[in-house]
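Observations on chain architecture
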Amino acid sequence: MSPIFKFPVIFPGLCLLCLFCCVCSAIGETASAIDIEPANVKWNRLSYQARSIFGKVRTNVHAEIVPVEDVSQLLMRDPAGEAFQPSGETAIAITVDSNIEPLFGTDEILTTQSWFDAKSAAALQRIRVRLGKDKWQKSYRFTKKGVYRMRRKPRDANEEILPLDRWTKVRNHFYAYPEIADSCRQVLEPTSLLYLASAIDLRSVPMPVNLCVFNKKQLHLLNVSVGDSQPLKLNFIHKEGNKQVRIKKKIDAVKLSFAPSSMAPDNVEMEAFSFLGLKGEFDIFLDDSSRIPVQISGRIAALGKVDIVLQEVDGAQTRQ
């Protein structure tokens with residue numbers, strides 16, 4: 001997978017972070033460990049769409065297993081050698097392309113590329129690029145004490161037409177974790193949640209589970225629970241190699257509910273948690289037989305409540 005941008009910038013003082021589940025005793029307990037099973041992930045590409053009277057959304061997700069030597073070349077360099085690194089021979093890379101087209105206002109075009117540990121789901125790095133009226137690139141490097149962010153924007157109209165690495169308006173920032181996060185054994189990033197919904201065997205995990213997830217500027221506690229199954233009608237194209245077939249069936253989908261709450265101190269304004277353009281609480285619905293996420297439901301500010309419905313699936317996970 002090609003990076004959206006390679007990093008010449010060196011960030012000092014990056015720290016190592018290693019396990020998976022968070023245990024925030026002051027807020028609530030979680031499972032002590034959750035095993036990720038990449039073999040459970042029966043897709044490498046997902047295409048979704050949502051429509052409402054206020055506009056539409058198109059979302060494409062691509063996941064791949066990447067050799068660690070390839071990932072290491074893409075991560076922000078740290079001369080202290082303390083940045084979180086992959087723990088095994090591979091890491092997971094996910095790219096999400098989202099296009100929100102409201103009936104009123106300007107389109108929002110976002111690409112998010114993230115890398116996380118293949119064993120524990122620990123966030124390594126994330127790059128977000130917004131195109132359209134307000135262009136920017138935000139690159140995040142995850143550490144034990146917080147997250148470094150490098151924001152890059154075009155300085156003027158002349159730079160807007162240049163490649164991203166030639167934008168010269170650059171600002172670095174470090175978002176320190178609050179004291180309440182001391183008991184977080186792991187910090188995740190939002191795009192990994194779709195992968196984890198497929199990879200984790202929910203039957204072996206005591207519910208509900210609390211996860212520590214860093215969003216844009218703040219760490220959030222994400223309460224995950226399994227709700228009652230919901231009947232859904234599926235109508236999507238499944239591709240595998242040169243073959244494709246349209247799947248039309250009714251299922252009782254497994255409902256995963258996600259309820260976020262910011263862990264920011266009381267004197268800091270809390271940000272809204274964002275996932276695939278959805279703000280606040282959201283649900284992921286799985287086909288229990290294939291573990292494919294067939295629908296994501298929640299609210300988008302410009303569109304209201306939406307159901308982002310699966311349109312296409314490409315094959316199973318393969319190592320690149």
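Residues numbered from 1 in each chain as written. Predicted model: local features only at pLDDT ≥ 70, side-chain atom pairs only at ≥ 80, totals over all residues. Heavy atoms only, no water.

**Digging into the environment of Ala39**
When you line up the elements, Ala39 lands in the segment before strand E1 (45–52). Judged by its relative accessible area of 56%, Ala39 is exposed. Spatially, the C-alpha atom of Ala39 lies 7.3 Å from that of Ala199, the residues being 160 residues apart in sequence. (Helix = DSSP H or I, 4+ residues; strand = E, 2+ residues; numbered from the N terminus. Buried < 20%, exposed > 50% of the residue type's maximum accessible area, 1.4 Å probe, protein only.)

**Some words on the side chain of His220**
Note on placement: His220 falls in strand E10 (residues 219–240). On the basis of relative accessible area, His220 is assigned to the buried category, the value being 1%. Residues in contact with His220, not counting those within four places in the same chain, are Leu211, Cys212, Val213, Asn215, Ser261, Ser262, Met263, Glu271, Ala272 and Phe273. (Contact = heavy atoms within 4.5 Å.)

**Re the packing of aromatic side chains**
Evaluation of the coordinates by the stated rule reveals ten aromatic pairs. Centre to centre, the rings of Tyr175 and Phe214 are 6.2 Å apart; their planes meet at 45°, and the pair counts as tilted. Note that Tyr175 is positioned in strand E8 (residues 169–176) and Phe214 in strand E9 (residues 209–214), a separation of 39 residues in sequence. Comparing Tyr175 with Phe214 shows no difference in burial state: the two are buried. (Phe/Tyr/Trp six-rings, centres within 6.5 Å; stacked < 30°, edge-to-face > 60°.)

**Observations regarding the pairing of strand E14 (residues 282–287)**
Counting buried residues along E14, six of its six residues qualify, which places the element largely inside the surrounding structure. Alternating residues of E14 divide into Phe282, Ile284 and Leu286 and Asp283, Phe285 and Asp287, and every residue in both groups is buried. Relative to E14, strand E11 (residues 243–262) runs antiparallel, the two being bridged by five bridges. Directly across from Val254, in E14, lies its bridge partner Leu286. In this sheet, strand E15 (residues 292–300) lies alongside E14 in antiparallel orientation, the contact comprising five bridges. Note that in E15 the partner of Ile284 across the bridge is Ile296. Remark: four residues form the turn of the hairpin made by E14 and E15, two consecutive strands paired antiparallel; Arg291 in that turn has positive phi of roughly 60°. (Pairing = 2+ DSSP bridges.)

**A few points about the state of the cysteines**
Following the criterion strictly, the structure yields one disulfide and no others. Between the sulfur of Cys184 and that of Cys212 lies a disulfide, 2.0 Å long from S to S. Across the S-S bond linking Cys184 and Cys212, the dihedral sits near -65°, which makes this disulfide left-handed. One end of the pair, Cys184, is in the loop between E8 and helix H3 (192–199); the other, Cys212, is in strand E9, with 28 residues separating them in the sequence. Classification of Cys184 by relative accessible area gives buried; the value is 10%. Under the relative-accessibility criterion, Cys212 is labelled buried at 1%. (Disulfide = S-S within 2.5 Å.)

**Overview of the environment of Glu108**
Within the secondary structure, Glu108 is located in strand E4 (residues 108–117). Residue Glu108 is classed as partly exposed on the basis of its relative accessible area of 27%. If sequence neighbours within four positions are ignored, Glu108 has contacts with Ser98, Asn99, Ile100 and Arg130.

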